[in-house]
Amino acid sequence: MRFEPDSFSPHAFFDCLALALRAPQPIAPFTITELHLFAYLACLLSVYEGEPVADWGYQFALTGLGYPFSGELDSAMQALTLRRHIEVDNLESVLPLDSAALEMAKLEEIPSFKQRLRWLQTSLDCSLAMPVSVVKSAVVARDDLSGAGVGGPRPLLSNAYVARVHGEREAIESALGGESSNLLAPAVAWLSMYILQGRELAA
Amino acid sequence: MTTVDQPFKLPVIRAVRLSDFDLYKKQPNAEVTIEKPVFCLIGANGLGKSTFLSTLNFGITGAIPDPDRTFRSANEYRVEASKSTRAKDYFSGRISETKRPLATVTVELAWESTTIVITRYLCSEDGACRMEITRGKDVEVLSTESGDDVEKGYQMEVLRETNIPNFAQFTFLFHFVLTFDEGRHLIMWDDRAITTALYLAFGSDDAAAAEAEKLGRSMERESSRARNVRFAAKAVKDKIKQLERILEGGESDSAGEAELIERFEAMTKAVQNAANMVRNKAAEREAADLQWADISASVTDKQMQYRQLFAERVGGVNVIEYHPAVRSSISQDCCAVCQTHGVGSGIEERVLRSECPLCASIITQQPEGNQILERLKDLDAEILELRKELENILLLRQRLGPEHSSAEDSLLAARTALEFFLEGDGNKLSLEKPQGSAWLNQEVGNFSKEYDRLNKQAKDHRKKRDEIHNELRQVEKNLRERYDRASETFVPRFRQLAEQFIGLPIDVDIEQRTGAEAAGFRLKLTIDGQLRLSAERLSESQRFFVDIALRMALSESITGGASSLLIDTPEGSLDIAYEARAGQMFDTFARAGNYILMTANLRSSELLVNLAHLRGKAGMSIVRMTEWAELTDVQAAEEVRLDKAFKVISDALA
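Sequence order as written defines residue numbering, which begins from 1 separately in each chain. Chains and ligands are labelled sequentially in the order written, the chains with letters from A and the ligands with numbers from 1. Per-residue local features of the predicted model are confined to residues with pLDDT of at least 70, and side-chain atom pairs are confined, for both listing and counting, to 80 or more; whole-chain, interface and lining totals are unaffected and use all residues.

A count of helical and extended segments in chain B gives 16 helices and 14 strands. Expressed as a percentage of its 654 residues, the buried residues of chain B come to 36%. The numbering of helices and of strands both runs from the N terminus, where a helix is a DSSP run of H or I of at least 4 residues and a strand a run of E of at least 2. Each residue is classed by its C-beta neighbour count within 10 Å, where at least 20 other C-beta atoms makes it buried, 12 or fewer makes it exposed, and intermediate counts make it partly exposed; the C-beta atoms are placed from backbone geometry.

Bringing the overall build of chain A into the picture now. A tally of regular secondary structure across chain A gives 8 helices and 5 strands. Counting from the amino terminus, chain A carries its helices and strands in the arrangement α-α-β-β-α-β-β-α-α-α-β-α-α.

Attention shifts here to the sheet that holds strand S13 (residues 595-600) of chain B. All names here are of chain B. Within the open sheet, the 5 strands sit side by side as S8-S12-S13-S3-S14. Their pairing is parallel. Strands at the two margins of the open sheet, each flanked by one partner only, are strand S8 (179-180) and strand S14 (620-624). Two strands pair when backbone bridges link them, and S8 and strand S12 (residues 564-568) are joined in this way by 2 bridges, in the parallel orientation. Residue Phe180 lies in a different strand from S12, and its bridge partner there is Ile567. DSSP-based pairing: two strands are paired if at least 2 bridges between them are found.

Bringing helix H5 (residues 167-177) of chain B into the picture now. Within H5(B), 11 of the 11 residues are buried, which leaves the element mostly enclosed by the surrounding structure. Within H5(B), the full set of buried residues consists of Phe167(B), Ala168(B), Gln169(B), Phe170(B), Thr171(B), Phe172(B), Leu173(B), Phe174(B), His175(B), Phe176(B) and Val177(B).

Moving on, we come to the packing of helix H1 (residues 10-22) of chain A against helix H5 (residues 111-129) of chain A. Residue and element names in this part refer to chain A. Following both chains from N to C, one finds H1 and H5 inclined at 45°, their axes separated by 10 Å at the closest point. With respect to their mutual orientation, H1 and H5 come out oblique. In this structure, H1 meets H5 at a crossing whose hand is right-handed. Listed contacts from H5 to His11, Phe14, Asp15, Ala18, Leu19 and Arg22 of H1 are Phe113, Arg116, Leu117, Leu120, Gln121 and Leu124. For the contact of H1 with H5, a count of residues per class yields 7 nonpolar, 2 polar and 3 charged. Note on method: axes are straight lines fitted to C-alpha atoms, helices fitted across the in-contact stretch only, with angles between N-to-C directions ranging 0 to 180 degrees. Roughly parallel here means an angle under 35 degrees, roughly antiparallel means over 145, roughly perpendicular means 65 to 115, and every remaining angle is called oblique. The crossing is said to be left-handed when, going from far helix to near helix, the turn is anticlockwise and less than a right angle, and right-handed when the turn is clockwise. By definition, residue pairs are in contact when their C-beta atoms, positioned from the backbone, come within 7 Å. By the convention adopted, Pro, Cys, Tyr, Trp, Phe, Met, Ile, Leu, Val and Ala count as nonpolar, Lys, Arg, Asp and Glu as charged, and the other residues, Gly among them, as polar.

Turning our attention to the nonpolar core. Joining buried Ala, Val, Leu, Ile, Met, Phe, Trp, Tyr and Cys residues through C-beta atoms within 7 Å gives a set, and that set is a nonpolar core. Ranked by size, the top nonpolar core spans 128 residues in total, and within it Cys40(B), Ala197(B), Leu198(B), Ala549(B) and Ile596(B) carry the most contacts. Core analysis: the next-biggest nonpolar cluster, separate from the first, contains 58 residues, Phe30(A), Phe69(A), Trp190(A) and Ile383(B) among them.

All names here are of chain B. Overall, antiparallel pairing links the 6 strands, which are arranged S2-S1-S4-S5-S6-S7 in an open sheet. The sheet is open, and its two edges are formed by strand S2 (31-33) and strand S7 (138-143), each paired on a single side. Between one strand and the next, the sheet's axes are offset by a mean angle of 10°, whatever the strand orientation. In the packing of helix H1 (residues 49-61) onto the sheet, contacts are made with strand S1 (12-19), strand S4 (104-110) and strand S5 (114-121), and the angle to S4 comes to roughly 70°. Set on the sheet, helix H4 (residues 150-162) makes contact with S5, strand S6 (128-135) and S7; between it and S6 the angle comes to about 35°.

All right, on to the confidence of the model for chain A then. Residue and element names in this part refer to chain A. A residue's pLDDT is the predictor's confidence in that residue, given on a scale from 0 to 100. Here chain A averages 81 in pLDDT, and 84% of its residues register 70 or above. Per-element confidence in chain A ranges from a low mean pLDDT of 67 for strand S5 (residues 154-155) to a high of 95 for H1. Within the model, the stretch residues 1-5 combines pLDDT values under 50 with 13 contacts to residues more than four positions away or in other chains. Ignoring residues within four places in sequence, the model shows residues 145-150, a span with pLDDT below 50, making 11 contacts including any to other chains.

Another aspect to go through is helix H14 (residues 576-591) of chain B. Residue and element names in this part refer to chain B. Working rule for helices: expected span equals 1.5 Å times residues minus one. For H14, built from 16 residues, the straight-helix expectation of 22 Å at 1.5 Å per residue is met to within 8% by its first-to-last C-alpha distance of 24 Å. For H14, the complete set of buried residues consists of Tyr578, Glu579, Arg581, Ala582, Gly583, Met585, Phe586, Asp587, Phe589 and Ala590. The first or second residue beyond H14 is Gly593, which carries a positive phi of 95°.

All names here are of chain B. Where helix H15 (residues 605-615) contacts helix H16 (residues 633-653), the two axes come as close as 7 Å, and the packing angle between them is 15°. Judged by the inter-axis angle, H15 sits roughly parallel to H16. Of the two possible hands of crossing, H15 and H16 adopt the one that is right-handed. On H16, the residues that touch Ser605, Leu608, Val609, Ala612 and His613 of H15 are Ala645, Val648, Ile649, Ala652 and Leu653.

The next thing to look at is the environment of Asn273(B). All names here are of chain B. Relative to the helices and strands, Asn273 is located in helix H8 (residues 254-314). Given 13 C-beta atoms within a 10 Å radius, Asn273 is considered partly exposed. Taking C-alpha positions, Asn273 is 9.3 Å from Ala414, a pair spaced 141 residues apart along the chain.

Residue and element names in this part refer to chain B. Burial of S12 is extensive: 5 of the 5 residues sit out of reach of the surface. Where S12 lies against S13, 5 bridges are found, and the strand directions are parallel. Its bridge partner being in S13, Ser564 is matched across the sheet by Tyr595.

Turning our attention to the environment of Asp378(B). All names here are of chain B. If you trace the backbone, Asp378 turns up in helix H11 (residues 369-423). Using a count of 13 C-beta atoms within 10 Å as the deciding quantity, one classes Asp378 as partly exposed. Spatially, the C-alpha atoms of Asp378 and Tyr306 are 9.6 Å apart, while their sequence positions differ by 72 residues.

A word on the confidence of the model for chain B. Per-chain confidence: chain B averages 84 in pLDDT, with 92% of residues scoring 70 or above. On the interface metric, ipTM, the complex scores 0.78, and its pTM is 0.60.

Before going further, it helps to spend a moment on unusual backbone geometry. Note the cis peptide between Ala28(A) and Pro29(A), where omega equals -5°. The phi dihedral of Gln339(B) is positive, around 70°, even though this residue is not glycine. With respect to the helices and strands, the residue Gln339(B) is situated in the loop between helix H9 (324-332) and helix H10 (344-352). In this model, Asp528(B) sits at a positive phi of 50°, which is unusual for a non-glycine residue. Mapping Asp528(B) onto the fold places it in the loop between strand S10 (521-527) and strand S11 (530-532).

As structure tokens, then:
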């Protein structure tokens, strides 16, 4: 297999490896869909913290099934499979193999990868703080995903939505009593807010 | 009310801490503690020594010393020097855009039983943001975060501790008396500034300086008003004469036209100045845009390299081994393409030889994984550094945008004013014509009345000026008497210090400025029996060091305790013969319990060696700036030579 540099994302390669390797025990292994979902949530958290969307390194789209999906993440998953760092079983579960931890340790030496771990880890911690199905509901409840299954595939993270995320951050920080170095608490509050909004809309 | 018998108590500077001050790239959080009477910051030219002293002064007074300072009154100077735009301009280019909102200076000031630690933002409107006052065991903290008005609280505490009546005078003392900086302002030859300093040192009470300044300014105002009114009266008289000439024979109004031309020229000049400002701001924006484009291109290039390298690492030769067809053929010992059995070991051998099992091509060996990883790390660090630069440029562009718009608004306003003028008064530039003798006679009558009114006004202003002058003379007389008494200690002290440097008999006296419109004092300096009426009659180093001696003597007269002088690379064109003498003078001042905070470069090194000999380790400390800032080649060369000088100074201290 050969990789075209233009379509290859090192960040997606790292994220895929990190998520597969660090999926918390109670819910490990992730399915392919879950891996895309938690990568997208990590991306949202970086945007929540004021990072430019463009700096995430790869893009997401909304699939016709209403889940976030990244082509670059999918390519990265194939590359990791070929390098025998992960394998995908018949149930579509993403399993880390023996060489995965060593590769991860090497990549973690690169500062910009290490920086991403904060968002990836918080995304994974959210799966412990609330059931995966609830995380899914929260993310699906967001405006960007609410057209799931209706409008067909389309890119995620529009400028208007990013501006809204920044506004929501201020509201959440104010409710939690100011900026905190711990991202999990505001992340959970943020997701909860979407779940509540989703319920209100459904009612 | 305080009298000179209860002098002011000036603080001693104990410590200076900088935060996010990235002019000092290697040490943006530089910190110095001043424990010994002489503290010297030493380094090559251009490292930011003068900036350090100005920042320290800003920390203490909330105002950046103006290098071209002119002095009219302490209040006027304070208003001008403490404008937040001045600090912002001063630190522009010294502090990076990202650090501008964060950079602070903290100064610890000590009195006998009180310590104040004041922290200020350098580029923010907020000014003082935190103050800690310690009195014995009591510690009180004010901070803007808690909603306190720290600036107000600080100024009140400083005035309470120093006994100085107002903060403008405190600022004056630090900027004009206690600081000899790169502006090389000479207080000896600045009559207004020395008058205020004399009042502070010898005035009959603590309000004398302010009172004398107030009276002096009122007198000046009345004089100026009288002059203006007289000028207006003269213009009216000229107008009358012209009209009379027109009545006699006919003549155009050339004086009125001259005035209009003058206004026209002033407005044209204003338009030109505004246009220049717009051009400058546009050029700055353009430069920032170009820099932005250049760095963006570099980021894209590095990112591309990074992706290629990473892809190379991921997609290298060893991947063949894991290709599903190859893996299946080896593990099943059966070709996955043609289903031939017993070919597994052959395929495995070809893979080990880096040969494609399908087309027999030799796969190029990729560099060792670790080498690629190291290169990836380097590229990653380069990208992060470039991103920081981009962030800085972005902030610069954000700042320049409104500044450019504001300059454009000013230009529009200046152009509109000019157009308005040209459509109105300016239209008369060559249109004023006689309109008949009856009208002219009436005009002459009107102008004559106006002339009488203006004459009376001028007389009233002169009378008022003379009244104020008399009042001021009384205040000045009091000062003169106080000075005469105090000069028994002040003058000998000045002589001692100045003669130590100059090596000739020296004397100083104050002289009251005379004349209907003159006020205040000037100093009369005599060297070796010869009166020196202007600074030009002294060599550069004589001017500098006599002025420093004067500041030393004045500061001792002003304060009841120790005083601290801030001296920036004082040597000027110091003759080698004078270097030992300069060191002696500094030592004498320090021995009296005072403090000197000075900066020095290579040219000051001989002065420092002599001073170090006299002071010894217990009396002097030296801090090198080499570790603070990144050096250019020229600075690095100077630092190499400073190394040798530094060793000599250190040996002299030991």
